[in-house]
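# Examination of the molecular architecture
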Amino acid sequence: MRNEMHLQFSALSQNESFARVTVAAFVAQLDPTMDELTEIKTVVSEAVTNAIIHGYNNDPNGMVYISVVIEEGAVRITIRDEGAGIADIEEARQPLFTTKPELERSGMGFTIMENFMDEISIHSEVNKGTTVHLTKYIMKSKALCN
Ligand SMILES: Nc1ncnc2c1ncn2[C@@H]1O[C@H](COP(=O)(O)OP(=O)(O)OP(=O)(O)O)[C@@H](O)[C@H]1O
Ligand SMILES: [Mg+2]
């Protein structure tokens with residue numbers, strides 16, 4: 001059975017924990033392990049923080065959009081902004097690459113997303129915005145499907 005939810009909120013850093021906890025609560029119905037849930041929360045946090053800081057430069061007029069689809073043991077998370085966009089996605093994905101070193105960013109957000117999720121794809125257009133698709137297969141529900 002397919003189950004989905006959609007969320008949108010202002011680009012304010014205090015909404016990062018709201019997004020993280022809300023997505024985790026929705027995913028909980030798949031009965032993930034604590035590790036799986038922690039990994040999902042971490043990637044949501046990284047992608048939302050990117051949308052707020054890089055996409056919107058902390059402008060709270062920006063909106064962040066999240067959708068989550070659960071289907072056959074897979075969790076598909078889409079996190080989108082309509083902000084600055086990324087000029088060179090391959091470069092942005094490199095470990096330690098950051099355009100905001102002055103903010104003590106470590107440039108590890110995309111690397112963390114890649115490590116914690118089974119699939120990641122990034123679409124972006126300068127001055128239009130960025131969309132990150134993240135998929136994770138939850139072990140227990142996958143076993144139940146087989
Ligand atoms: N939503 C976004 N909009 C515009 N640029 C982005 C977005 N997400 C990422 N980027 C660009 O990609 C770079 C790499 O992102 P990544 O999350 O890996 O590192 P970071 O955010 O700079 O540092 P960290 O996540 O470790 O704090 C960013 O520095 C930024 O230039
Ligand atoms: Mg980041």
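From a predicted model like this one, the values you see are computed outputs, not experimental measurements.

### What to know about the nonpolar core
With 35 residues, the main nonpolar core has V23, V44, I66, V68 and I77 as its most contacted residues. Secondary-structure elements contributing two or more residues to this core are β1 (3-10), α1 (15-27), α2 (34-55), β2 (63-71), β3 (74-81), α4 (109-116), β4 (119-125) and β5 (129-137). Excluding residues within four positions of it along the chain, I66 makes contact with M5, H6, L7, F9, A19, V23, V44, V48, I77, T78 and I79.

### Observations regarding the site of ligand 1
Near ligand 1 you find 19 residues, and of these H54, T98, T99, S106 and M108 are the closest. In this structure, an oxygen atom belonging to ligand 1 sits 2.5 Å away from a side-chain N or O atom of T99. Within the contact set of ligand 1, an oxygen atom lies 2.8 Å away from a side-chain nitrogen or oxygen of R105. Computed on the free molecule, ligand 1 has an accessible area of 600 Å², of which 93% lies beneath the protein chains in the complex. Under a 2 Å grid-point criterion requiring more than half of the atoms, the pocket assigned to ligand 1 is the largest pocket. When residues of the shell around ligand 1 are assigned to their parent elements, the largest contribution, 5 residues, is made by α2. Of the residues assigned to the shell around ligand 1, the class counts are 6 nonpolar, 10 polar and 3 charged.

### Examining the packing of aromatic side chains
For the coordinates displayed, the defined rule picks out 1 aromatic pair. Here F9 and F18 contribute two aromatic rings whose centre-to-centre distance is 6.0 Å and whose plane-to-plane angle is 90 degrees, an arrangement assigned as edge-to-face. The exposure class assigned to F9 is buried, which follows from its relative accessible area of 6%. Among the residues examined, F18 registers a relative accessible area of 39% and is labelled partly exposed.

### Quick look at the sheet that holds β2
Read from one edge of the open sheet, 5 strands run β1-β2-β3-β5-β4, paired in antiparallel fashion. Edge positions in the sheet fall to β1 and β4, since each has one partner strand and no second. Each neighbouring strand pair of the sheet contributes to a mean axis angle of 10 degrees, computed without reference to strand direction. Bridge count for β1 against β2 is 8 bridges, and the pairing is antiparallel. Within β2, the position partnered with E4 by the bridge is V69. Its contacts with the sheet put α2 on β1, β2, β3 and β5, and the angle it makes with β3 is roughly 15 degrees.

Conventions and cut-offs
- Residues numbered from 1 in each chain as written.
- Chains lettered and ligands numbered in written order.
- Predicted model: local features only at pLDDT ≥ 70, side-chain atom pairs only at ≥ 80, totals over all residues.
- Heavy atoms only, no water.
- Core = buried A, V, L, I, M, F, W, Y, C linked by side-chain atoms within 4.5 Å.
- Buried < 20%, exposed > 50% of the residue type's maximum accessible area, 1.4 Å probe, protein only.
- Helix = DSSP H or I, 4+ residues; strand = E, 2+ residues; numbered from the N terminus.
- Contact = heavy atoms within 4.5 Å.
- Near = heavy atom within 4 Å.
- Polar contact = N/O pair within 3.5 Å; in protein donor to acceptor, adjacent residues only side chain to side chain.
- Areas by Shrake-Rupley, 256 points an atom, 1.4 Å probe, with all protein chains shown as cover.
- 1 Å grid on protein atoms, 1.4 Å probe; cavity = no way out; pocket = protein on both sides within 12 Å on 5 of 7 lines; lining within 4 Å.
- Sits in = over half its atoms within 2 Å of the grid points.
- Nonpolar A, V, L, I, M, F, W, Y, C, P; charged D, E, K, R; others polar.
- Phe/Tyr/Trp six-rings, centres within 6.5 Å; stacked < 30°, edge-to-face > 60°.
- Pairing = 2+ DSSP bridges.
- Axes fitted to C-alpha atoms, helices over the stretch in contact; angles between N-to-C directions.

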